[in-house]
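Listed here are the chains, written in short residue letters.
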Amino acid sequence: MSTTALIAGSFDPPSKGHADLIGRAAGLFDRVYVTVFVNSEKKPLFSLEQRLHMLSLMCGGYINVTAEMYSGLLADFAEEKGVSVIVKGIRNASDAAYELELADVNAKLLPGLETVFLPSKPEFISTSSTVIREMIKYKKSISPYVTPEVEQYIHSILMR
């Protein structure tokens, strides 16, 4: 039986922690969708298209990973794509509490949809898109937080 998984987020921008989670999920599941979801509560720094492009750069090395964007509910995307597992990275207790609530909601919206939590590796505990946006704002190096291809793309956008 083939298992399709989903890694969902706003990815504004995607981090080395996201890249690690993608690689780990690619090794665990037959097919993985990495999907930029629209979050109306957030004011993103990068457009949906830019975030999708950065994810595509990060996912290019995996034959079983597809980067996409979606503006509806996660459970609807999962149903459309035949996703049976949501993969979430957990950095700390507050991440876990928040993601447990979402897992419950998603399981009620789409019975049978499971959420798998993968703990962040220690080197990614302090890596977040919020930290990266702050580094960008104050013109500090983002190389400790993003993959080289994402860093290069971000610099190309900011140099315009």
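Here is a short report on the structure shown in this document. Bear in mind the structure is a predicted one, so any value in this text is a computation, not a measurement. (Residues numbered from 1 in each chain as written. Predicted model: local features only at pLDDT ≥ 70, side-chain atom pairs only at ≥ 80, totals over all residues. Heavy atoms only, no water.)

A short note on the pattern of salt bridges
Two side chains carrying opposite charge are able to pair once their charged atoms lie near each other. Going through the model one piece at a time under the given rule, you end up with 7 salt bridges. A salt bridge links Arg133 to Asp12; its shortest N-O distance comes to 3.7 Å. With Arg133 in helix α5 (residues 129-137) and Asp12 in the loop between β1 (4-9) and α1 (16-28), the pair connects residues that are 121 residues apart, well separated along the chain. For Lys121, the salt bridge identified is with Asp20, shortest N-O distance 3.1 Å. Here Lys121 is found in the loop between β5 (114-119) and α5, whereas its partner Asp20 is found in helix α1, with 101 residues between them in sequence. For Asp20, a relative accessible area of 15% gives the class buried. Via salt bridges that share partners, Asp20, Arg24 and Lys121 belong to a single interconnected network. (Salt bridge = Lys/Arg side-chain N within 4 Å of Asp/Glu carboxyl O. Helix = DSSP H or I, 4+ residues; strand = E, 2+ residues; numbered from the N terminus. Buried < 20%, exposed > 50% of the residue type's maximum accessible area, 1.4 Å probe, protein only.)

Looking at the pairing of strand β2 (residues 31-37)
β2 sits mainly inside the fold: 6 of its 7 residues count as buried. The pairing of β1 with β2 spans 6 bridges and is parallel. Considered in β2, the bridge of Ala5 is made with Val32. In this region the chain leaves β1, passes through α1 and returns to the parallel neighbour β2; the handedness of that crossover is right-handed. Across 6 bridges, β2 lies against strand β3 (residues 65-70) in parallel orientation. Along β3, the bridge assignment pairs Phe37 with Tyr70. Following the chain from β2 across helix α2 (residues 48-59) to the adjacent parallel β3, one finds a crossover that is right-handed. (Pairing = 2+ DSSP bridges. Right-handed = clockwise from strand over helix to strand, strands pointing away.)

Things to note about unusual backbone geometry
It is generally the case that most residues other than glycine have a negative phi and that most peptide bonds are trans. With omega at -5°, the peptide bond leading from Asp12 into Pro13 counts as cis. Relative to the helices and strands, Pro13 is located in the loop between β1 and α1. Positive phi is not limited to glycine here, since Phe11 has a value of about 50°. If you trace the backbone, Phe11 turns up in the loop between β1 and α1. By relative accessible area, Phe11 is classed as buried at 2%. A positive phi angle, near 55°, is found at Lys139, a position not held by glycine. Among the structural elements, Lys139 can be located in the loop between α5 and α6 (148-158).

Side note on the sheet that holds β2
Picture the strands of a sheet paired through backbone hydrogen bonds; they go either parallel or antiparallel. Strand order in the open sheet formed by 5 strands is β3-β2-β1-β4-β5, and the pairing between neighbours is parallel. Of all the strands in the sheet, the pair left with one neighbour each is β3 and β5. Between one strand axis and the next, the sheet turns through 30° on average, direction left out of account. Against the sheet, α2 touches β2 and β3, its axis set at about 170° to β3. (Axes fitted to C-alpha atoms, helices over the stretch in contact; angles between N-to-C directions. Contact = heavy atoms within 4.5 Å.)

Observations concerning the packing of α2 against α6
Contact geometry of α2 with α6 gives a least axis separation of 9 Å together with a crossing angle of 150°. With respect to α6, the element α2 is oriented roughly antiparallel. With respect to the hand of their crossing, α2 and α6 are arranged in right-handed fashion. Here Gln50, His53, Met54, Leu57 and Met58 of α2 come into contact with α6, specifically with Glu149, Val150, Tyr153, Ile154 and Ile157. Classifying every residue of the contact of α2 with α6 by side-chain character gives 7 nonpolar, 2 polar and 1 charged. (Parallel < 35°, antiparallel > 145°, perpendicular 65-115°, else oblique. Left-handed = near helix turned anticlockwise from the far one by under 90°. Nonpolar A, V, L, I, M, F, W, Y, C, P; charged D, E, K, R; others polar.)

These values are about where atoms sit, not about what they do.
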